[in-house]
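# Examination of the molecular architecture
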Amino acid sequence: MIDHIPAVLYGEPSQKVYLFVHGQCGCREEGLAFAEIACPAGYQVLAIDLPGHGVRKGEENRFNPWTVVPELQVILKYMRSCWASISLRANSIGAHFSMLAFADEELHKALFVSPIVNMERLINHMMQWADVTEQELETRREIVTDFGQTLSWHYLTWERQHPMQSWRCSTSILYAGRDNMTSRETVEQFVAAHSAMLTVMENGEHWFHTPEQLAVLQAWEKSQM
């Protein structure tokens with residue numbers, strides 16, 4: 001436990017570490033597959049359970065930036081006391097939370113898989129998918145969609161009030177050509193703005209899970225070590 005946050009640490013003692021941040025429906029144990037690549041390269045891997053995930057599934061309505069961002073900052077403060085070189089490996093919305101939390105921090109590098117790089121744009125797209133207007137969302141405050149996501153007026157306004165101001169970390173991205181959460185245009189705009197490196201699996205999906213997709217993911221991770 002780091003403060004109240006469940007964590008697992010993989011690898012032999014080292015001065016170099018990756019923080020593994022899972023996405024929606026993920027858990028800290030997902031860090032094991034990455035650790036099997038990173039640890040032989042001389043890194044340790046610290047993976048955590050975000051609110052409402054893993055052993056924290058009983059924590060409802062807390063998987064949001066105003067809860068997660070302060071937690072990630074607590075984690076990084078702890079890591080600063082233990083490791084000289086800290087890098088980041090994050091999935092999907094975990095990348096979004098991490099960029100908000102660490103915008104002003106000096107990290108060695110970041111590896112993002114299917115990152116959400118513009119949450120306001122994604123929320124607007126989900127509103128279009130659900131045929132919900134901004135006025136309707138403001139009036140109703142929350143709307144549960146038929147595709148499993150809950151649209152929240154508080155969430156939308158929070159994102160507008162807390163845009164990512166900067167991201168200075170050297171970043172590499174693995175993106176899926178069939179990602180339905182972040183458009184190619186959106187990720188390319190982020191790459192251009194932040195001088196990131198982009199690798200695309202054209203027939204991949206937002207969630208890398210098939211044997212072919214996982215093989216591409218693992219090969220990409222190995223190439224980043």
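Residues numbered from 1 in each chain as written. Predicted model: local features only at pLDDT ≥ 70, side-chain atom pairs only at ≥ 80, totals over all residues. Heavy atoms only, no water.

Before going further, it helps to examine the pattern of salt bridges. Applying the stated criterion across every chain, the model contains 14 salt bridges. Note that glutamate 59 is salt-bridged to arginine 62, the shortest N-O span being 3.2 Å. Residue arginine 62 is classed as partly exposed on the basis of its relative accessible area of 31%. Between glutamate 105 and arginine 80 there is a salt bridge, and its shortest N-O distance comes to 3.3 Å. Here glutamate 105, found in the loop between helix H3 (92-101) and strand S5 (110-113), pairs with arginine 80, found in helix H2 (residues 65-80); they are 25 residues apart in sequence, far enough to count as distant. Several salt bridges share partner residues, and in doing so they unite Arg56, Glu59, Arg62 and Glu71 into one network. (Salt bridge = Lys/Arg side-chain N within 4 Å of Asp/Glu carboxyl O. Buried < 20%, exposed > 50% of the residue type's maximum accessible area, 1.4 Å probe, protein only. Helix = DSSP H or I, 4+ residues; strand = E, 2+ residues; numbered from the N terminus.)

Right, let's get into the sheet that holds strand S1 (residues 7-10). Strands sit in the order S1-S3-S2-S4-S5-S8-S9 across an open sheet of 7 strands; the sheet is mixed. Unpaired on one side and paired on the other, S1 and strand S9 (197-201) mark the two borders of the sheet. Ignoring which end each strand starts from, the neighbouring axes of this sheet average 15 degrees apart. Taken together, the 6 bridges between strand S2 (residues 16-21) and strand S4 (residues 85-91) define a ladder with parallel strand orientation. Paired with valine 21 across the bridge in S4 is alanine 90. The sheet strands contacting helix H8 (residues 211-223) are S4, S5, strand S8 (171-176) and S9, and the helix crosses S8 at an angle near 170 degrees. (Pairing = 2+ DSSP bridges. Axes fitted to C-alpha atoms, helices over the stretch in contact; angles between N-to-C directions. Contact = heavy atoms within 4.5 Å.)

Looking now at the nonpolar core. Counting 52 residues, the largest nonpolar core has Leu19, Leu72, Leu88, Phe102, Phe112 and Trp167 as the members making the most contacts within it. If you look at the next biggest cluster of nonpolar residues, it comprises 17 residues, including Tyr18, Phe20, Phe34 and Val45. (Core = buried A, V, L, I, M, F, W, Y, C linked by side-chain atoms within 4.5 Å.)

Moving on, we get to the pairing of S4. With 7 of 7 residues buried, S4 lies mostly within the body of the structure. Burial along S4 is two-sided: Ser85, Ser87, Arg89 and Asn91 and Ile86, Leu88 and Ala90, pointing in opposite directions, are all buried. Where S4 lies against S5, 4 bridges are found, and the strand directions are parallel. From the neighbouring strand, asparagine 91 faces S5, where its bridge partner is valine 113. Taken together, S4, H3 and S5 form a β-α-β motif whose crossover is right-handed. (Right-handed = clockwise from strand over helix to strand, strands pointing away.)

Along the chain, serine 166 falls in the loop between helix H6 (153-161) and S8. Look past the residues within four positions of serine 166 in its chain and what remains in contact with it is Ala103 and Asp104. At 3.4 Å, the side chain of serine 166 and the backbone oxygen of alanine 103 are in polar contact. (Polar contact = N/O pair within 3.5 Å; in protein donor to acceptor, adjacent residues only side chain to side chain.)

Our next topic: the pairing of S8. For S8, a buried count of 6 out of 6 residues is recorded, marking the element as mostly surrounded by other parts of the structure. By the alternation rule, side chains of S8 split into Thr171, Ile173 and Tyr175 and Ser172, Leu174 and Ala176, which are all buried. Bridge count for S5 against S8 is 4 bridges, and the pairing is parallel. Looking at the pairing, alanine 110 lines up with threonine 171 of S8.

This part takes up unusual backbone geometry. Despite not being glycine, aspartate 3 shows a phi value in the positive range, around 60 degrees. Taking relative accessible area as the criterion, aspartate 3 reaches 60% and is therefore assigned exposed. The phi dihedral of cysteine 25 falls on the positive side, at around 75 degrees, and the residue is not glycine. Looking at where cysteine 25 falls in the secondary structure, it is placed in the loop between S2 and helix H1 (31-38). Overall, the relative accessible area of 72% leaves cysteine 25 in the exposed class.

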